[in-house]
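Architecture and fold: a report
Here is how the chains run, residue by residue.
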Amino acid sequence: MSGGPIGEPVGSAAPVADWVIPQELMQDPYPTYLRLQRETPVAWVPVLNKYLVTGYAECHAIELDQDTYSAQVQGSGATMIRTLGENPMLRKNDPEHAVERQAINPTLRPKAVQQRWTPIFDRNAEHYLEVLAGADPDSAELNRDYAAPLASQNLIDLLGLPNVEPDTMRRWSHAFIAGTGNLHDDPAIWNAADTARAEVDALLDELIPHYRAQPNDSMTSALVHSGLPHSIVAANVKLTIAGGMNEPQHMVTNMVWALHHHPDQRQQVADDPSLWPTVFDEAARWLSPIGMYPRETTRPVTLCGVTLPAGAPIGVVVGAANRDPNHFDVHPELFDIHRRKQPHLAFGSGVHLCAGHWAAKASIGQIAVPSLLAKFPSLRVDHRRVSEWNGWVFRGLTHLPVTWDH
Ligand code: HEM
């Protein structure tokens, strides 16, 4: 047996976790995560055809070593190409990845977020707060009536996609995410993904030449002017459509859910708004919208005493790592904005660290949720109706009924 998390292949074969049940992961993955962490933070899970890595140290070590743990993977790598038409930056390693990533970084840095995008995020939030105010507090659903259209409009503006309706953006985002996960070749999922791809490609066939002639400060324009070929620009716009809407919408409802169930902490942030960034971070750790992403070994390696062969499909389970008791010292299973500040992996780490994390923090953590609870101080989960959680790779509230005093 070998010692540290990373080393030469002298460990033992991976323990087999044949007790993992996908339906249980979909409903509530946290009991499974805890058992995996206790028994083996690196396990072969036959039903998923993957090694799941659930320890914080191991997930972090993977992220920092792209030579050994490649982002260019079989399986969901192939479905991503099938869905988006070409490999985007997320499924590439440096130096190839860095060229594409550098193209969008300036648009999404903190200064650009603050100066260029914050006024737009404010305007969009104000609009959808008005829309919500017109909804019936006996039938309002926060995802449908606020989180999804707001996250969609913010992304439409960031990407610079004029004349796209928020509902269309939401449909595209969901179709691309489902397509990337379509490992079992469900024809209906391919159908929706193909339709979305054809629509986005047709739009980009017009927009890319337009931005070439008339640049602006959108992400699409930045990609166009980076010198990347048309198909790579298009693949990265489609990648951002997939990831830049679904996760932000889930963060809105996650934060509202977390604060609803912790009224004392809700009161504290209402009294001291400087706590909002901490509330955002703690909610992202506690209820991570992305629970798992894939990597693949390029050589035999030992991880936490377990030997992995070359070409091993790995699930980096950041949703589990973010509650690892070996990393978070006090009750990681609890939502606690006063816990000792420690890094988490909700936005990944290493070279693929989420490009949009500053935009997400501003648009949701400092605008969407604070302004929602300021405008509707009595807003609460409506227990007369049922809330629905779903997923573990992407996890969120698919249905969050809310009500308020009226
Ligand atoms: C709360 C919201 C969000 C969460 C939780 C989130 C999470 C993540 C994670 C975990 C990754 C890394 C995946 C991996 O390494 O395989 C990632 C990558 C990425 N995210 Fe986000 N994301 C969010 C919002 C956004 C937004 C708003 C945008 C765009 C405006 C965005 C654009 C991207 C891009 C382009 C990448 C690929 C980065 C690369 O490969 O270098 N994300 N995100």
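Whatever comes next refers back to the structure up there.
Residues numbered from 1 in each chain as written. Predicted model: local features only at pLDDT ≥ 70, side-chain atom pairs only at ≥ 80, totals over all residues. Heavy atoms only, no water.

1. Considerations on the overall build of the protein chain
Along the backbone of the protein chain there are 15 helices and 13 strands. Against the compact-globule benchmark of 22 Å for 406 residues, the protein chain has a radius of gyration of 21 Å, which places it among compact chains. Dimensions of the protein chain, computed from C-alpha atoms along their principal axes, come out at roughly 60 × 55 × 40 Å. For the protein chain, the residues scored as buried account for 56% of the 406 residues in total. Of all intrachain contacts in the protein chain linking residues separated by at least 6 positions in sequence, the fraction that spans at least 24 positions is 71%. (Helix = DSSP H or I, 4+ residues; strand = E, 2+ residues; numbered from the N terminus. Rg over C-alpha atoms; globule rule 2.2 N^0.38 Å. Buried < 20%, exposed > 50% of the residue type's maximum accessible area, 1.4 Å probe, protein only. Contact = heavy atoms within 4.5 Å.)

2. Focus: the coordination of the iron atom of the ligand
No other protein atom reaches the iron atom of the ligand as a donor apart from Cys354 (SG), found 2.3 Å away. As for its position among the elements, Cys354 is in the loop between α14 (318–321) and α15 (357–375). (Donors = N, O, S within 2.8 Å, 3.2 Å for Na, K, Ca; no water.)

3. Structural notes on the environment of Leu372
Secondary-structure assignment places Leu372 in helix α15. A residue is classified by how much of its surface remains accessible, and Leu372, at 0% relative accessible area, is buried. The spacing of Leu372 and Glu126 is 246 residues in sequence and 9.0 Å in space, taken between C-alpha atoms. Discounting residues that sit within four places of it in the chain, Leu372 has contacts with Leu129, Leu132, Leu142, Tyr146, Val256, Ile367 and Leu379.

4. A few points about the nonpolar core
Soluble globular proteins tend to bury their nonpolar side chains together. Among the nonpolar cores identified, the biggest contains 89 residues, and Tyr146, Met169 and Leu372 are the most heavily contacted of them. With 15 residues, helix α11 (residues 230–260) is the single largest residue contributor to this core. Formed by 20 residues, the second largest nonpolar core is a distinct cluster that contains Tyr69, Tyr293, Val301 and Leu308. (Core = buried A, V, L, I, M, F, W, Y, C linked by side-chain atoms within 4.5 Å.)

5. A closer look at the site of the ligand
Residues in contact with the ligand amount to 26 residues; listed here are only the nearest, His97, Arg101, Arg295, His352 and Cys354. Taking Arg295, its side chain carries an N or O atom lying 2.8 Å from an oxygen atom of the ligand. Within the side chain of His352, a nitrogen or oxygen atom sits 2.7 Å from an oxygen atom of the ligand. Ranked by residues supplied to the shell around the ligand, first place goes to α11 with 5 residues. (Near = heavy atom within 4 Å. Polar contact = N/O pair within 3.5 Å; in protein donor to acceptor, adjacent residues only side chain to side chain.)

6. Re the sheet that holds strand β5 (residues 69–70)
Strand order in this open sheet of 5 strands is β3-β4-β9-β6-β5, and the pairing throughout is mixed. For this open sheet the edge positions go to β3 (42–45) and β5, each flanked by a neighbour on one side alone. (Pairing = 2+ DSSP bridges.)

7. A word on the side chain of Glu63
Mapped onto the elements of the fold, Glu63 is located in helix α3 (residues 56–63). Since its relative accessible area comes to 6%, Glu63 is described here as buried. Within polar-contact distance, the side chain of Glu63 engages the side chain of Arg295 at 3.3 Å. In contact with Glu63, not counting residues within four places along its chain, are Tyr293, Arg295, Ser349 and Gly350.

8. As for the pairing of strand β6 (residues 293–297)
Of all 5 residues making up β6, 5 are buried, and the element is well covered by its neighbours. Residues of β6 alternate between two faces, with Tyr293, Arg295 and Thr297 on one and Pro294 and Glu296 on the opposite face, all of them buried. Here 2 bridges tie β5 to β6, and the two strands are oriented antiparallel to one another. Bridge assignment links Tyr69 to a residue of β6, and that residue is Thr297. Sheet topology note: the β6/strand β9 (residues 313–316) ladder contains 4 bridges and is antiparallel. Following the sheet pairing, Arg295 is matched in β9 by Ile314.

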